[in-house]
Each structure stands twice: as structure tokens, then as C-alpha cells.
Number of protein chains: 2
Amino acid sequence: MRILITAGPTREYLDDVRYLSNASSGRMGYALAEAAIARGHQVILVTGPVGLTPPRNCQVHHVETTDELLGACREAFPACDGVIATAAVCDYRPRERFSGKLAKTGVSLELELVETADVLAELGQTKAHRWIMGFALESAEFAHQNALRKLKEKNCDIIVLNGPAAIGSNTNEVELIDPLGQAIERYTGSKTDIAMRLIEWVEAHLNSQ
Amino acid sequence: MRILITAGPTREYLDDVRYLSNASSGRMGYALAEAAIARGHQVILVTGPVGLTPPRNCQVHHVETTDELLGACREAFPACDGVIATAAVCDYRPRERFSGKLAKTGVSLELELVETADVLAELGQTKAHRWIMGFALESAEFAHQNALRKLKEKNCDIIVLNGPAAIGSNTNEVELIDPLGQAIERYTGSKTDIAMRLIEWVEAHLNSQ
């Protein structure tokens, strides 16, 4: 298969220096890229700024903002069989980006945050015969319901639910939620091990679409 | 000498996942720590989250927020001869930190940003016989004036002026601004080379205080 994988955080700038982001390390996405390549798949990796070296034999697009991520995915997705969307996009961006570096003034600053593009939802709208494995990072007590809602809103075939402990960690604990809301698999361990399990799951369940 | 060095960015959280930060790599601070150790000095490195491995033979304190940076510096500074402050602290933080991960609502979000503690100014107020080498990252056309104002406001002995191109780069271009506002030195090159020049400058000019 040819698989599009998104990884890492995005950044949304307030001025030329400061931005809104999150601590996503990109490890889950890079581990998935490694695992997919090891299993003989072609990988297009669209990655936000992380401290990792992309795997060899992998087409890599580096992006910074959510809009750049969207642009790279729009271009790559049509030629792929499916997408695994691990990127922890900034859901919000400052409405205005100031040029230069805002000087401190001694008073507080009102910042208006607007929602960024919903990359996964757009891929979902244009998927046609392609499959989508989404990721949901949920901290709330309604984690399962939220994950299922995301799956439906974004037209995913399967969604991988994980918690905030995943961020920046070498290990993870994930559940696969299907379109009926069932937790059909649960994997715990290193991100490397979980990545291999997920790729094998994709091969077994999404490959034939 | 025993030298306190601050490095890297700080992060200020909006909720448990999202934060305000900047792309400081920590390279200038870590290079200064390496250079100081190579020249026989003792180093206490207080570092924000970066992807670098601290030098050996170095006391390291990992911090995340500006308040944590301030706490670590307050504790370490009294036992040091001086401080080299390269950390790119978040000057602003969201007034409120929400627990969990804020769900998207479809509407924009008003965020009130308040100024964080001014770590360098506080070290300046308590410096007594200790010396302070500050760093100023300035993009404005009044870069020199701004750097001199910072030197005075923060009670620095010398301030290293650099531009936004320094962020995340392996190289840098710096000017040393003295309390009279004179650009007394200008170093260009790798951050490793500039670090050695700066340590030698400190030895020659600040050691005897």
C-alpha cells in the first residue's frame, strides 16, 4: 500500500517568535512510518517540527502550521491508499500574526484565537475509496464518546484513542474504536511495538477496500 | 568560576496540552556550557525543554515554565560568580490554565495573556557582586536601543544582541553591547565558536569583579 502518515505538532504564530503549540514528539507517527516501511509499504510522511530523523526510503514533507499540513496532505492523499493521522495539530491560532517580536508593555494582552482548518475532516470529505485511521487524544471522562464522535465527524474507518500521557512519551496505551463505538483492540507498550500492531491491523482490515 | 547558564525556551500552558512557546533550540546556552566547562569552569545549567544532551560534568536543572526557571535560578545564583542568560523565556502566559484539553466549540476563544516573571530583572536586583551577561533577541529597527534599555533595566554588565535568525540555527551573529551603549565586540560563526569567544570575554572582563 501507499500510506500517508502525519506526525508531530503544528505551530501557530502570534508574532515572528512566539507560537501556540503542544509537546507532541512525533514518535508515534515516526514509529508508524518505520513499521509500515518494514512491512513493505510506501510511506509519505508529513511532519511538523520534531527532533526525530525520518526513516529512510520515505518521502518526507516538513510543515510548521496547520495550513501547511493541510496543503501537504491535500497534495499527497489522492495518490495514497489511506492515511494514518497522528499529527497533534493546533486546533487554534491567533487571529492576527504580528510581524517582528511584540515588545512587553507591562499590561496584559488580549489574544483572539480562532479555529484552524480541520485537516482530518477535510481528508474525510474527500476520501472516496481511501481509508482513514484517525487518532484522538482525549483527557475527558467522555473519552470514548468523544473519540466515536470524531470518527463519525471526520469520516474515519477506525480511530485510535489515547490519553495525554502519550505526549512526549516512548510508550503508549491505545484503544481502537470502530464505527459502532466498540473498543475492538487495546495495545499497550512501546510506540514502536504499538506501531507494528497498528500496521498489521490496517493490513488485515483496511487493505481490501 | 562557577557560572549559572540558562538555556532553551519556556512553555506557558493554556490547558494540559496546549502552550505558548518559541522555537529556541537551546544551542547557544548548551554551547556556552560546553565552552565554560572546557575552560575549567563549573557550570549550573538551567534548561527548558530542548532536544539536546547536556554536557558532562555539569549540574543540570530541567524546567518547563518561566516560574520554574525563576525558582531554579533563585536557588542557584547565590552560589555562582555570574550568570549567562540565554534562555528565551515566554514573556506572556495565559492568565488561566484549564485542566484537561479544551474541546473545540466552533467559535473563537478570547485568551488573556499576562506577563510572566522577569527572571533576568530579578537576578539583576539580587546580583550584589555577581556579574550578568544578558541576551537580547531583537527584531526591531531600534535593536541597539532596546538592547541597551534591557541591559539597564535588568542591571546587566554586558548584553549580547542577536536577531530572530538565531532561533533554531547552528550559527549566529552577535554584538556585545556595554553599559555605555557601545557595540564593543561582534562575533559571527557557529554557536560553538561564538560560545568560546564569549567565555573568553567573560574571563577577561568580568572575572575580577
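In this numbering scheme, every chain counts its residues from 1 along its sequence in written order. Written order decides the labels, with chains lettered from A and ligands numbered from 1. Local features in this predicted model are restricted to residues of pLDDT 70 or higher, and side-chain atom pairs are both shown and tallied only at a pLDDT of 80 or more, whereas totals for entire chains, interfaces and linings draw on every residue. Calculation of side-chain values draws on the structure's entire complement of heavy atoms; hydrogens and water are dropped beforehand.

Chain A appears in an unreviewed UniProt entry as Coenzyme A biosynthesis bifunctional protein CoaBC from Planctopirus ephydatiae.

Caption draft 1: Quick peek at the pairing of strand β8 (residues 109-115) of chain B. Two strands form a pair only when DSSP identifies at least two bridges running between them. Numbered from the N terminus, helices here are DSSP runs of H or I no shorter than four residues, and strands are runs of E no shorter than two. As paired elements, strand β8 (residues 109-115) of chain A and β8(B) share five bridges and run antiparallel to each other. Note on β8(B): the bridge partner recorded for A:Leu111 is B:Leu111. With three bridges connecting them, strand β7 (residues 92-94) of chain B and β8(B) associate as antiparallel partners. Across the sheet, B:Arg93 pairs through a bridge with B:Val114, a residue of β8(B).

Caption draft 2: Up close: unusual backbone geometry. Residues other than glycine seldom take positive phi values, yet A:Asn155 does so here, at roughly 60°. Position of A:Asn155 relative to the elements: it lies in the loop between α4 (143-153) and β10 (158-162). Look at B:Asn57: it is not a glycine, yet its phi comes out positive at around 60°. Looking at B:Asn57, the relative accessible area reads 70%, which means it is exposed. Burial classification: accessible surface area is computed with a 1.4 Å probe over protein chains only, and a residue below 20% of its type maximum counts as buried, one above 50% as exposed, and the rest as partly exposed.

Caption draft 3: Region of the structure containing the interface of chain A and chain B. In this assembly, 32 residues from chain A lie in contact with 33 residues from chain B. It is A:Tyr19, A:Tyr92 and A:Lys104 in chain A that bury the most area against chain B; as a group they hold 20% of the surface buried on that side. Notably, a salt bridge pairs A:Asp118 with B:Lys104, separated by 4.0 Å at the nearest N-O pair. Nitrogen and oxygen atoms within 3.5 Å of one another constitute a polar contact, given that in protein one can donate a hydrogen and the other can accept it, and given that sequence-neighbouring residues count only through two side-chain atoms. Our enumeration of links across chain A and chain B arrives at 19 residue pairs in polar contact (both at pLDDT 80 or more). Take the side of chain A that touches chain B: its biggest share by element is seven residues, from β8(A). Just so you know the grouping, Ala, Val, Leu, Ile, Met, Phe, Trp, Tyr, Cys and Pro go in nonpolar, Asp, Glu, Lys and Arg go in charged, and all remaining residues, Gly too, go in polar. Partitioned by chemical class, the residues of the side of chain A that touches chain B number 14 nonpolar, eight polar and ten charged. We call two residues contacting when some pair of their heavy atoms lies within 4.5 Å. By buried area we mean how much accessible surface two parts lose on assembly, using a 1.4 Å probe and totalling the loss over both. The rule for a salt bridge is simple: a side-chain nitrogen of Lys or Arg has to be within 4 Å of a carboxyl oxygen of Asp or Glu.

Caption draft 4: Quick look at the relation of the copies chain A and chain B. Least squares is the method for superposing the copies, and the C-alpha atoms it fits come from residues with pLDDT of at least 70 in both. Mapping chain A onto chain B leaves a residual RMSD of 0.0 Å; the transformation is a rotation of 180° accompanied by 0.0 Å of translation along its axis. The superposition of one copy onto the other is thereby described by a two-fold rotation axis. Looking at the interface residues of chain A, 100% of them are also at the interface in chain B, so both copies use one shared face.

Caption draft 5: Here's a closer look at the packing of helix α1 (residues 27-38) of chain B against helix α5 (residues 191-205) of chain B. All names here are of chain B. Closest axis-to-axis distance for the α1/α5 pair is 8 Å, and the angle between their directions is 55°. Viewed along their axes, α1 and α5 adopt a mutual orientation that is oblique. Read as a crossing pair, α1 and α5 show a hand that is right-handed. Taking contact as the criterion, the partners of Arg 27, Met 28, Ala 31, Leu 32, Ala 35, Ala 36 and Ala 38 in α1 are, on α5, Lys 191, Thr 192, Ile 194, Ala 195, Met 196, Leu 198 and Ile 199. Among the residues forming the contact of α1 with α5, the class breakdown is eleven nonpolar, one polar and two charged. Only C-alpha atoms enter the line fits that serve as axes; for helices the fit covers just the stretch in contact. Angles between N-to-C directions range over 0 to 180 degrees. Oblique is the label for every angle not falling under 35 degrees (roughly parallel), over 145 degrees (roughly antiparallel), or within 65 to 115 degrees (roughly perpendicular). Crossing handedness is read from the near helix: turned anticlockwise from the far helix by less than a right angle, it gives a left-handed crossing, and turned clockwise, a right-handed one.

Caption draft 6: Examining the side chain of B:Arg130 more closely. Residue and element names in this part refer to chain B. Within the secondary structure layout, Arg 130 lies in the loop between α3 (119-125) and β9 (131-137). The charge count treats Lys and Arg as positive and Asp and Glu as negative. His and the chain ends do not count. For the buried residue Arg 130, which engages in no salt bridge, the nearest side chain bearing the opposite charge is Asp 81, 7.4 Å off. A distance of 3.2 Å separates a polar side-chain atom of Arg 130 from the backbone oxygen of Pro 78.

Caption draft 7: Spatial organisation of the sheet that holds β10(A). Residues and elements named next belong to chain A. Judged by pairing direction, the sheet is mixed, and its eight strands sit side by side in the order β5-β4-β1-β6-β9-β10-β11-β12 without closing on themselves. Each edge of the open sheet carries a strand with a single partner, namely β5 (59-62) and β12 (183-190). Adjacent strand axes in the sheet meet at a mean angle of 20° when their direction is disregarded. Relative to β5, strand β4 (residues 42-47) runs parallel, the two being bridged by four bridges. Considered in β5, the bridge of Ile 44 is made with Gln 59. Along the sheet, helix α5 (residues 191-205) contacts β6 (82-85), β9 (131-137), β10, β11 (171-177) and β12; its crossing angle with β12, the most-contacted strand, is approximately 150°.

Caption draft 8: Representation of the pattern of salt bridges. Enumeration according to the criterion identifies 28 salt bridges over all chains in this entry. The residue A:Arg95 makes a salt bridge to A:Glu112 at a minimum N-O spacing of 3.1 Å. Remark: A:Glu112 occurs in strand β8 and A:Arg95 occurs in the loop between β7 (92-94) and β8; sequence separation between them is 17 residues. In this structure A:Arg95 comes out as exposed when scored by relative accessible area, which is 51%. Using a relative accessible area of 26% as the deciding quantity, one classes A:Glu112 as partly exposed. Its salt-bridge partner being B:Glu64, residue B:Arg11 comes within 3.3 Å of it at the nearest N-O pair.

Caption draft 9: Representation of helix α4 (residues 143-153) of chain B in the model. Residues and elements named next belong to chain B. Of the positions making up α4, those classed as buried are Ala 143, Asn 146, Ala 147, Lys 150 and Leu 151. For α4, the buried positions fall inside an angular range of 140° around the axis, keeping them on one side. Exposed residues on α4 whose side chains face more than 90 degrees from its buried face are Lys 152 and Glu 153. Tucked inside the fold, the buried residues of α4 contact β9, β10 (158-162) and β11 (171-177). Immediately beyond the C-terminal end of α4, within one or two residues, lies Asn 155, with a positive phi of roughly 60°. Arc definition: directions from the helix axis to the C-beta atoms.

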